[in-house]
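Overview (structure and organization)
Here's the letter readout for the chains.
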Amino acid sequence: MIRKFSENDRKLYLEMAGEFYHSDAVLHPVPDSYLEKTAEEALASDAYAQIYLIEYEGEAAGYALTAKTFSQEAGGYVIWIEELYIREQYRSKGLGREFFQYLEENKGEGTARLRLEVEEDNKRAVSLYERLGYRVLDYVQMIKGE
């Protein structure tokens, strides 16, 4: 089951986000204060950040974090799948696919594109995303700041 994050889920989300940021799926951990800021933003409004809890047989199996932008290139809103984390014992049970189906069905009017980033060596995730129809963009990403 996929459901939207609520205040009652804060501790659970922070625990799972901590697990995610200390896994091989990311380049480096982030400060706990960033996780707190994300929870605050998602609770304040779903305009920029939305957190979803993923459950399996009544247990917390993972979470997803999305963010919304507008893209002239895409001609509408872009939902960035910022994070998708499934705890080890719940992997290979179709939960990632279930989340993407949920997102497709609930993305909202005016959403023109779904977009994500993945570590190249995360072969399981890359394989799933390709099976779901995602393709690699030939962009070099650049950042300034954190």
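For the structure, see preceding data.
The present account deals with the structure reproduced in this document. (Residues numbered from 1 in each chain as written. Predicted model: local features only at pLDDT ≥ 70, side-chain atom pairs only at ≥ 80, totals over all residues. Heavy atoms only, no water.)

Grouped together as the largest cluster of nonpolar side chains are 21 residues, with contacts concentrated most on Ile81, Leu84, Phe99, Phe100 and Tyr129. Those elements that place two or more of their residues in this core are β2 (49–56), β3 (59–71), β4 (76–86), α3 (95–106), β5 (111–116) and α4 (123–131). Considering each element in turn, this core owes the most residues, 5 residues, to α3. Residues in contact with Ile81, not counting those within four places in the same chain, are Leu65, Thr66, Phe99, Phe100, Leu103, Leu114, Arg115, Leu116, Glu117 and Tyr134. Counting 18 residues, the second-largest nonpolar core is a separate cluster that includes Tyr13, Ala39, Leu65 and Tyr85. (Core = buried A, V, L, I, M, F, W, Y, C linked by side-chain atoms within 4.5 Å. Buried < 20%, exposed > 50% of the residue type's maximum accessible area, 1.4 Å probe, protein only. Helix = DSSP H or I, 4+ residues; strand = E, 2+ residues; numbered from the N terminus. Contact = heavy atoms within 4.5 Å.)

Next up on the list: the packing of α3 against α4. Interaxial distance between α3 and α4 falls to 11 Å at its minimum, and their mutual angle equals 40°. By the angle between their axes, α3 is oblique relative to α4. Where α3 crosses over α4, the handedness of that crossing is right-handed. Residue-level inspection shows Gly96, Arg97 and Phe100 of α3 in contact with α4, the latter providing Leu128, Tyr129 and Arg131. The residue makeup of the contact of α3 with α4, split by class, is 3 nonpolar, 1 polar and 2 charged. (Axes fitted to C-alpha atoms, helices over the stretch in contact; angles between N-to-C directions. Parallel < 35°, antiparallel > 145°, perpendicular 65-115°, else oblique. Left-handed = near helix turned anticlockwise from the far one by under 90°. Nonpolar A, V, L, I, M, F, W, Y, C, P; charged D, E, K, R; others polar.)

What follows is about the side chain of Arg10. When you line up the elements, Arg10 lands in helix α1 (residues 10–20). Within the structure, Arg10 has its side chain in polar contact with the side chain of Glu36 (distance 3.4 Å). Engagement of the side chain of Arg10 in a polar contact is seen with the side chain of Glu40, the distance being 2.7 Å. The contacts of Arg10, once residues within four sequence positions are left out, are Phe5, Glu36, Ala39, Glu40 and Leu43. (Polar contact = N/O pair within 3.5 Å; in protein donor to acceptor, adjacent residues only side chain to side chain.)

Quick look at α4 now. Residues of α4 that are buried include every one of Ala125, Leu128 and Tyr129, and no others. Seen end-on, α4 carries its buried residues on one side only, within an arc spanning 95°. Across α4 from its buried face, at more than 90 degrees, point the exposed residues Lys123 and Arg131. Immediately downstream of α4, the backbone of Gly133 shows phi near 100°, a positive value. (Arc of directions from axis to C-beta.)

A volume near 200 Å³ is recorded for the second largest pocket. Considering the residues around the second largest pocket, the lining is formed by 15 residues, among which Asp46, Gln50, Tyr52, Lys68 and Ile79 are closest to the centre. Going through the elements one at a time, β2, β3 and α3 are the ones with two or more residues in the lining of the second largest pocket. For the lining of the second largest pocket, the per-class residue count stands at 8 nonpolar, 3 polar and 4 charged. (1 Å grid on protein atoms, 1.4 Å probe; cavity = no way out; pocket = protein on both sides within 12 Å on 5 of 7 lines; lining within 4 Å. Points joined across faces, edges and corners; volume = space filled by probe spheres on them.)

Attention now goes to the sheet that holds strand β1 (residues 2–4). Taken in spatial order, the 5 strands line up as β1-β2-β3-β4-β5 in an open sheet, and their pairing is mixed. Two strands close off the open sheet at either side, each with one partner strand: β1 and β5. Across the sheet, the mean angle from the axis of one strand to that of its neighbour is 30°, orientation sign disregarded. Note: β3 against β4, 10 bridges, orientation antiparallel. Note that in β4 the partner of Ala67 across the bridge is Trp80. Each of β2, β3 and β4 touches α1; the most contacted strand, β3, lies at about 80° to it. (Pairing = 2+ DSSP bridges.)

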